[in-house]
Amino acid sequence: MAETGGSTAFVLGSGGLRGANQVGMMRALLERGYVPDLVVGSSIGAVNGAVLASDPTVATLDRLEATWLRFATMAGALAPWLSSRTRAAQHFRARLLARTVVELLGPGVRVQDLAVPLAVVATDLRRSRPVVLRQGDLVQALLATAALPGVLPAVPLDGALLVDGGLVRGVPLREAAELGARRVVVLRAAGADAPLGAASSVRSARWLAYEVARRHQYGAEKDRLPADVELVELPSGGDLLRDGVSVLTDARAVRRRMTEGYRAAGAVLDARETSRARASGRSGPAPGTSAGQRAEGGGHR
């Protein structure tokens, strides 16, 4: 696979079903002409990113959006089963994810076959370190990066036991820089930049501890970025106090999250381009570009 020096990378972070907002964020980017030369993803971010990397167009995002909405509707009907922590439920969810990926991208697709280079970040459970997957079966790679312990089964690969990439790389900035990206556009899960409050239960306390650790990790990764790498941080949209941290099984809430991600990202991108236009003496904003490409237009529905 060709190296990606001097390129723009879209980096999509982990966050489970809070990742629906990333669909709206990607739409805002494509509509303004930002097209990735590299996609790097962890957990649900890798799943969303793989679909984008297959064909970075608004039409692709239309299909991904429809899939999110269909899944939320189905999850509502299967909520007791999907929320179970039994081994049978874990394997059921894995089959469901695999089937969804095949429906979106087709059977037998390899990571290296996608139109845009993709890097999938998983966690080597035995060594507690990140593993970057750039080749091999795409479904297997996505099952590995999404394998949150207790939710999806771990994936054995090349002597390692792989689980959710978000455990060690909630937002894989370092991997994007190491692969040669000179501009990194960050797409985090909904509510990732929202204020945190005190825990009200043992369950919420566990989630709060994980979220604090993830945010600390992200800050540390930002501090380690090379000085010549431009970081574009997009607001994630969403309100954790309103939506809570439970599994999302409401199609209306999924659509709201996608819309919030679209609007929040679009506002920042528009302000960014207006500022650039003024600095260069232009009268209005110019679209962002990557590798001289221009994305398809279209509005968020």
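Model, not experiment: these values are computed from the prediction.

1. Side note on the overall build of the protein chain
- Across its full length, the protein chain holds 10 helices and eight strands.
- Going through the 301 residues of the protein chain one by one, you find that 54% of them count as buried.
- If you take every contact in the protein chain between residues at least 6 apart in sequence, the share linking residues at least 24 apart comes to 77%.
- Entry remark: accessible area of the protein chain is about 13,100 Å², with carbon and sulfur atoms responsible for 55%.

2. Some remarks on the nonpolar core
- Core analysis: the biggest nonpolar cluster contains 60 residues, and Leu-118 and Leu-138 have the highest contact counts within it.
- Tallying contributions element by element places helix α2 (residues 44–54) first for this core, with seven residues.
- For Leu-118, the contacting residues outside a window of four places in its chain are Val-39, Gly-49, Ala-50, Ala-53, Val-111, Leu-133, Arg-134 and Leu-138.
- Residues Val-171, Ala-177, Leu-179 and Val-186 belong to the second largest nonpolar core, which totals 17 residues.

3. Describing the side chain of Glu-175
- Tracing the backbone through its elements, the reader meets Glu-175 in helix α7 (residues 173–178).
- Discounting residues that sit within four places of it in the chain, Glu-175 has contacts with Val-40, Val-121, Pro-130, Val-132 and Arg-169.

4. Thoughts on the confidence of the model for the protein chain
- Looking at the protein chain as a whole, the pLDDT averages 85, with 84% of positions reaching at least 70.
- The model gives residues 1–5 a pLDDT under 50, and that stretch makes 14 contacts with residues more than four places away or in other chains.
- With pLDDT under 50 throughout, residues 287–299 is counted as low confidence; its partners more than four residues away or in other chains account for 35 contacts.

5. Focus on helix α8 (residues 202–224)
- With 23 residues, α8 should reach 33 Å at 1.5 Å per residue; the first-to-last C-alpha distance of 34 Å fits that figure.
- Of all the residues in α8, the buried ones are Ser-204, Trp-207, Leu-208, Glu-211, Arg-214, Gln-217, Tyr-218 and Glu-221.

6. Some details on the environment of Pro-172
- Within the secondary structure, Pro-172 is located in the loop between β6 (160–163) and α7.
- Sequence separation between Pro-172 and Val-132 is 40 residues; the distance between their C-alpha atoms is 9.8 Å.
- Setting aside its immediate chain neighbours within four residues, Pro-172 contacts Val-11, Leu-12, Val-40, Gly-41, Ser-42 and Val-121.

7. Re the pattern of salt bridges
- All chains considered together, the criterion is met by 17 salt bridges.
- Its salt-bridge partner being Arg-255, residue Glu-65 comes within 3.3 Å of it at the nearest N-O pair. Highlighted residues: Glu-65 in helix α3 (residues 58–77) and Arg-255 in helix α10 (residues 251–280), separated in sequence by 190 residues.
- Glu-175 is paired through a salt bridge with Arg-169; the nearest N and O atoms lie 3.0 Å apart. With respect to burial, Glu-175 and Arg-169 carry one shared label: buried.
- Overlapping salt bridges, with partners in common, bring together Arg-18, Glu-211, Arg-214 and Arg-215 in one network.

8. Details of the side chain of Asn-48
- Structurally, the position occupied by Asn-48 is in helix α2.
- On the accessibility criterion, Asn-48 (0% relative accessible area) is buried.
- From its side chain, Asn-48 meets the backbone oxygen of Gly-19 in a polar contact 3.1 Å long.
- In this structure the side chain of Asn-48 is engaged in a polar contact, spanning 3.0 Å, whose partner is the side chain of Trp-68.
- For Asn-48, the residues in contact, after removing those within four places along its chain, are Leu-12, Gly-19, Gln-22, Val-23, Met-26, Leu-64 and Trp-68.

9. A few points about the environment of Leu-196
- Mapped onto the elements, Leu-196 comes out in the loop between β7 (181–187) and α8.
- Judged by its relative accessible area of 33%, Leu-196 is partly exposed.
- Distance in space between the C-alpha atoms of Leu-196 and Val-212 is 8.6 Å, their sequence separation being 16 residues.

10. Describing the packing of α2 against helix α5 (residues 87–105)
- For the pair α2 and α5, interaxial distance at closest approach is 10 Å and the crossing angle is 15 degrees. With respect to their mutual orientation, α2 and α5 come out roughly parallel. Crossing geometry of α2 relative to α5 is assigned as right-handed. Facing Val-47, Ala-50, Val-51 and Ser-54 of α2, the residues of α5 in contact are Leu-97, Leu-104 and Leu-105.
- Tallied by class, residues from the contact of α2 with α5 come to six nonpolar, one polar and no charged.

Cut-offs used in this document
- Here the residue index of a chain counts from 1 through its sequence in written order.
- Under the rules for a predicted model, residues below a pLDDT of 70 receive no local features and side-chain atom pairs below 80 are neither given nor counted, while totals for whole chains, interfaces and linings still include all residues.
- Only hydrogens and water are set aside; all other atoms, that is, all heavy atoms of the structure, feed into the side-chain values.
- Where helices and strands are cited, they refer to DSSP runs of H or I of at least four residues and of E of at least two residues respectively, numbered from the N terminus.
- Classification of residues uses two cut-offs on accessible area relative to the type maximum, computed with a 1.4 Å probe and protein chains only: under 20% is buried, over 50% is exposed, and between them is partly exposed.
- Note on definitions: a residue-residue contact is assigned when non-hydrogen atoms from the two residues lie within 4.5 Å.
- Here the accessible surface of atoms and residues is derived via Shrake-Rupley with a 1.4 Å probe, and residues count as covered only by protein chains that are part of the display.
- The term nonpolar core refers to a set of buried residues drawn from Ala, Val, Leu, Ile, Met, Phe, Trp, Tyr and Cys, joined through side-chain atoms within 4.5 Å.
- What pLDDT expresses is the predictor's confidence in each residue, scored from 0 to 100.
- Multiply 1.5 Å by the residue count of a helix minus one, and that product is the helix's expected span.
- Salt bridge, as used here, is a side-chain nitrogen of Lys or Arg placed within 4 Å of a carboxyl oxygen of Asp or Glu.
- Within 3.5 Å is the distance limit for a polar contact, defined as a pair of N or O atoms, with the added protein rule that one can donate a hydrogen and the other accept it, and that residues adjacent in sequence qualify only through two side-chain atoms.
- Between N-to-C directions, angles span 0 to 180 degrees; the directions come from axes that are lines fitted to C-alpha atoms, helices contributing only their stretch in contact.
- Should an angle fall under 35 degrees it is called roughly parallel, over 145 degrees roughly antiparallel, and 65 to 115 degrees roughly perpendicular, with every other angle called oblique.
- Handedness of a helix crossing follows the sense of rotation of the near helix relative to the far helix, less than a right angle counterclockwise being left-handed and clockwise being right-handed.
- Note on residue categories: nonpolar means Ala, Val, Leu, Ile, Met, Phe, Trp, Tyr, Cys or Pro, charged means Asp, Glu, Lys or Arg, and polar means any other residue, Gly included.

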